[in-house]
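Chains, contacts and geometry: an overview
Below, each chain spelled out in residue letters.
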Amino acid sequence: MAPLVAGVDSSTQACKVVVRDAATGALVRFGRAPHPDGTEVDPAAWWEALQVAVAAAGGLDDVAALSVGGQQHGMVCLDGAGDVVRPALLWNDTRSAGAAHDLVAELGGGAPWADAVGVVPVASFTVSKLRWFAEHEPEQAARTEAVCLPHDWLTWRLLGDLGTPAGLDALRTDRSDASGTGYWSAVTEDYRPDLLERGFGRRIAVPLVLGPRDEAGRAGRLVLGPGAGDNAAAALGVGADEGDVVVSLGTSGVVSAVATVPARDPSGTVAGFADATGRYLPLVCTLNASRVLDVTALLLGTDHAGLSDLALGAPAGADGLVLVPYLEGERTPDRPDATGALHGLTLTSTTPGHLARAAVEGLLCGLADGLDALREHGADVRRVLLVGGGARSEAVRQIAPAVLGCPVVVPEPGEYVADGAARQAAWVLSGEDEPPRWDSARTQTFEADVVPAVRARYAEVRELTAVRRA
């Protein structure tokens, strides 16, 4: 009998744990626990949620290996004793937007950053959050001896014998998550201590960066994998390969492509991340995704199924009604201070169905912009895989091909980040050169005629949301 492996998805909203057969990938057990709301969270809440999710998944007594996938970019600061200095700032906390702007200006624009580390600082990245922290909370910053990412911190806690914190020298990360910090280069596979110092004002300890199938250590008899950022783990979970573009609709909207060469975009639109297999994951991320559907359904007094029915009952283009869904500011384009815009209201378009359609189309138009950016930077787009909670919407599935401009493949719903982490755990356990070949999930393919007027109208209204920085 093949050993069992576990994969963890410590996301913005919840912790999910899957236990799978290491040889076949067959699901054996599953557990879930919620995370608190907010853009800053005490990491202890992640640890508590992990314990609840593990228990719900039947425990780890019979599990041979585990890896953690987690939300990217969050800033977890530790003092010399390993205690958390302040609540972690999450990727969607935009208070560091000004710090990001300053960092870019200090280095002479986006090109030097893109050349150095493959990304240009925005509010989401750890280097920007460190600058904000050093400037606004100097006393707490002075206590800080190390910085790590959410998945790093959870792996570290697990390494400490399932709960007793280990020393700072035991901090481990992987190349996919490190590539989103702003001070590690996917091109050179090295940290840039000068950029870390530019962000924080001094050099502090950072995790050791492991290879895709390196062992992070052991918690008792449990082998721990290096883990991964959530987008890289999801790509591994769906079995994405060269030519595949993964469009993920979760709390954030993500468009990413598996590539053999790193991306360097001086505009910062495309982030030059690494993936979880030793290749690269050029990526475009928006702040606003599935929550756009949540709040629109709430506004219309319906649920997701009702919202979908309303949207599909309205005409393509919603008779000119456009929703630009910058409800939490926006990361791509870099407009952290922007707000949403509803434009084109007429007697004809003032119906629940038109608003539902505009919400779905607006959400997808932002992702279509990301797909165009990946193409411009050399991505080979052979198929689009649509995943995430938002992909369960029938309206999103049916409208996506028209807006994205290509057929869309939708795997059956699953916990792809946790699945990718479990696949990585099986890879580490096997010691093989390649990750295990697990059976692919069943898929549906959706096709539609392209409706270019929808995107053109969206682009017009999108530009009305630009906010001049003071």
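Residues numbered from 1 in each chain as written. Predicted model: local features only at pLDDT ≥ 70, side-chain atom pairs only at ≥ 80, totals over all residues. Heavy atoms only, no water.

Turning to the pattern of salt bridges, a few remarks are in order. According to the stated counting rule, one finds 33 salt bridges in the structure shown. The partner of Asp194 in a salt bridge is Arg192, and the shortest N-O contact between them spans 2.7 Å. Its relative accessible area of 28% is what places Arg192 among the partly exposed residues. Ionic pairing is found between Glu215 and Arg218, a salt bridge with its closest N-O pair at 3.0 Å. Beyond isolated ion pairs, a larger network of salt bridges with shared partners links Arg335, Asp369, Asp372, Arg375, Arg455, Arg462 and Glu463. (Salt bridge = Lys/Arg side-chain N within 4 Å of Asp/Glu carboxyl O. Buried < 20%, exposed > 50% of the residue type's maximum accessible area, 1.4 Å probe, protein only.)

This brings us to the packing of aromatic side chains. By convention here, two paired aromatic rings are described through the distance between centres and the angle between planes. This model, assessed by the stated rule, comprises 4 aromatic pairs. We note Arg95 situated over the ring of Trp132; from NZ or CZ to the ring centre the distance is 5.0 Å. (Phe/Tyr/Trp six-rings, centres within 6.5 Å; stacked < 30°, edge-to-face > 60°. Lys NZ or Arg CZ within 6 Å of the ring centre and 35° of its normal.)

Moving on, we come to the packing of helix 12 (residues 352-376) against helix 15 (residues 452-462). Closest axis-to-axis distance for the helix 12/helix 15 pair is 10 Å, and the angle between their directions is 90°. Between helix 12 and helix 15, the interaxial angle falls into the category roughly perpendicular. Contacts between helix 12 and helix 15 pair Glu361, Gly362, Cys365, Gly366, Ala368, Asp369 and Asp372 from the former with Val454, Arg455, Tyr458 and Arg462 from the latter. Here the residues of the contact of helix 12 with helix 15 are counted per class, giving 4 nonpolar, 2 polar and 5 charged. (Axes fitted to C-alpha atoms, helices over the stretch in contact; angles between N-to-C directions. Helix = DSSP H or I, 4+ residues; strand = E, 2+ residues; numbered from the N terminus. Parallel < 35°, antiparallel > 145°, perpendicular 65-115°, else oblique. Contact = heavy atoms within 4.5 Å. Nonpolar A, V, L, I, M, F, W, Y, C, P; charged D, E, K, R; others polar.)

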